[in-house]
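So you can see what is in the structure, the chains are spelled out below.
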Amino acid sequence: MVEVLEHWQIGKPLILASQKAWDMIPFTQVLSNSKIRKQHYRLYSAFTYPLNNEEIGAALEFYMDRDFDSIICLGREGAIDLGKMIRHYLFDADEDEIYLFESFLHPDAEDDVLTRKIMNFRSSRGGRPRVIAVSSGFGSGAAVSSRAYYLRGRKTCELQDDLLLPDLACYDPFFSIMQSPGQVAGEGFDAIAHAVEGIWSTKAGEEARANSISALAEIMHALPEAVDGNADALVSMAHSAISAARSLDQSGLTGPHALAFYLTSLFRVPHGMGLA
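Residues numbered from 1 in each chain as written. Predicted model: local features only at pLDDT ≥ 70, side-chain atom pairs only at ≥ 80, totals over all residues. Heavy atoms only, no water.

S.K.: An account of the pattern of salt bridges is requested, with residue identities and associated values reported.
M.R.: In total, this model carries 14 salt bridges according to the counting rule given. A salt bridge links Lys-12 to Asp-67; the shortest N-O distance between them is 2.6 Å. Here the residue Lys-12 occupies a position in the loop between α1 (2-7) and β1 (13-16), and Asp-67 occupies one in the loop between α4 (53-64) and β4 (70-75), the gap between them amounting to 55 residues. Across the salt bridge formed by Glu-158 and Arg-147, the nearest N and O atoms sit 3.0 Å from each other. (Salt bridge = Lys/Arg side-chain N within 4 Å of Asp/Glu carboxyl O. Helix = DSSP H or I, 4+ residues; strand = E, 2+ residues; numbered from the N terminus.)

S.K.: I'd love a proper account of helix α11 (residues 231-251), names of residues and values included.
M.R.: In this model α11 runs 30 Å from its N-terminal to its C-terminal C-alpha over 21 residues, within 8% of the 30 Å that 1.5 Å per residue would give. A side-chain oxygen of the first residue of α11 lies 3.0 Å from the backbone nitrogen of Asp-232; this N-cap is Asn-230. At the C-terminal side of α11, Gly-252 shows a positive phi close to 95°. (Expected span 1.5 Å × (residues − 1). Polar contact = N/O pair within 3.5 Å; in protein donor to acceptor, adjacent residues only side chain to side chain.)

S.K.: I'd love a proper account of the sheet that holds β4, names of residues and values included.
M.R.: Pairing is parallel across the open sheet formed by five strands, whose spatial order is β2-β1-β4-β5-β8. Each edge of the open sheet carries a strand with a single partner, namely β2 (42-44) and β8 (168-171). The sheet shows a mean angle of 20° between the axes of neighbouring strands, direction not considered. Bridging between β1 and β4 involves four bridges; their strand directions are parallel. Counted as the bridge partner of Leu-14 is Ile-71 from β4. (Pairing = 2+ DSSP bridges. Axes fitted to C-alpha atoms, helices over the stretch in contact; angles between N-to-C directions.)

S.K.: Lay out the packing of aromatic side chains in plain terms, naming residues and giving numbers.
M.R.: Inspection of the entire model under this criterion finds nine aromatic pairs. Aromatic pair Tyr-63 and Phe-121: ring centres 6.1 Å apart, planes at 85°, arrangement edge-to-face. Note that Tyr-63 is positioned in helix α4 and Phe-121 in helix α7 (residues 113-124), a separation of 58 residues in sequence. Residue Phe-121 is classed as buried on the basis of its relative accessible area of 6%. By the ring-pair criterion, three or more aromatic residues cluster together here, those being Tyr-44, Phe-62, Tyr-63, Phe-68, Phe-91 and Phe-121. Here Arg-66 stacks its cationic end above the ring of Phe-62, 3.8 Å away from the centre of that ring. (Phe/Tyr/Trp six-rings, centres within 6.5 Å; stacked < 30°, edge-to-face > 60°. Buried < 20%, exposed > 50% of the residue type's maximum accessible area, 1.4 Å probe, protein only. Lys NZ or Arg CZ within 6 Å of the ring centre and 35° of its normal.)

S.K.: So what about the environment of Ala-59? Which residues, and what values?
M.R.: Within the fold, Ala-59 resides in helix α4. It is 30 Å that separates the C-alpha atoms of Ala-59 and Ala-193, two residues lying 134 residues apart in sequence. Leaving out residues up to four positions away in the same chain, Ala-59 has contacts with Tyr-44, Leu-82 and Ile-86. (Contact = heavy atoms within 4.5 Å.)

S.K.: Provide a residue-level description of the nonpolar core, including the pertinent values.
M.R.: If you look at the biggest cluster of nonpolar residues, it comprises 38 residues, and the most contacted ones within it are Leu-16, Ile-56, Tyr-63, Leu-82, Ile-86, Tyr-89 and Leu-90. A total of eight residues in this core trace back to one element, the largest contributor, which is helix α5 (residues 77-92). In this structure, Leu-82 is in contact with Leu-16, Tyr-44, Phe-47, Leu-51, Ile-56, Ala-59 and Glu-77, ignoring residues within four places of it in sequence. (Core = buried A, V, L, I, M, F, W, Y, C linked by side-chain atoms within 4.5 Å.)

S.K.: Can you explain the side chain of His-257? Please cite residues and give values.
M.R.: Within the secondary structure, His-257 sits in helix α12 (residues 255-267). Its relative accessible area of 4% is what places His-257 among the buried residues. Polar contacts involving the side chain of His-257 include one to the side chain of His-194, which spans 3.5 Å. Side-chain polar atoms of His-257 contact the side chain of Glu-197, separated by 2.5 Å.

Nothing here speaks to function; it is geometry throughout.
Following this line, the structure appears as structure tokens:
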């Protein structure tokens, strides 16, 4: 990671992480080793999962009011999806899409204040920032997905664009070693759901289905030992989970995820357990 930050000449990142993830992941050491000091980055934690329009809008304002050259997302879907959407709306989306987002954010407003601010911001900035996704769990497919999800009221909405895919996705089994066996099991259920949905999705092609079948076999073999904290099994889980998540991204989510979003948002059921 240090080599990547230096190679890409990242010096002023916006770091998206819940306070819990920030406390758990020893990322300050990575930043220090890359010569990025505390005064050169900002930590932003004002979001939940699933994200809502208000949280996305506040994050857009936060980014525009400061000078960043990249977005580093630490943790799970909330941080990673938010990073992808910040870059999408500030640098990639066309004006009509931005205005549509603003109309959902402020349905009673008669002016396009946010849209004009974004367009002015875009004209004053150079290239788009890199998005680096550091996943704290192998169950999360957000780091290798061209999709992002948010709540509009009680409705779960999907944003899909190939440009949403992060520039770098990484995972370290150290994160799972620090979790409880129950949390690791939940991550495993999430990865299993990705593989199963990648198999039975009506949109799955032959390659995606074959990759999901292979990943599912590896996950089922490695998960019991991963729950017991075996490092080799956790590495195997990470590899197979990434493969399953990429295949599912090509095929699209199916019923389990559609239902699990509501279990999480309305009843706070952990995502992996909801999928199970």
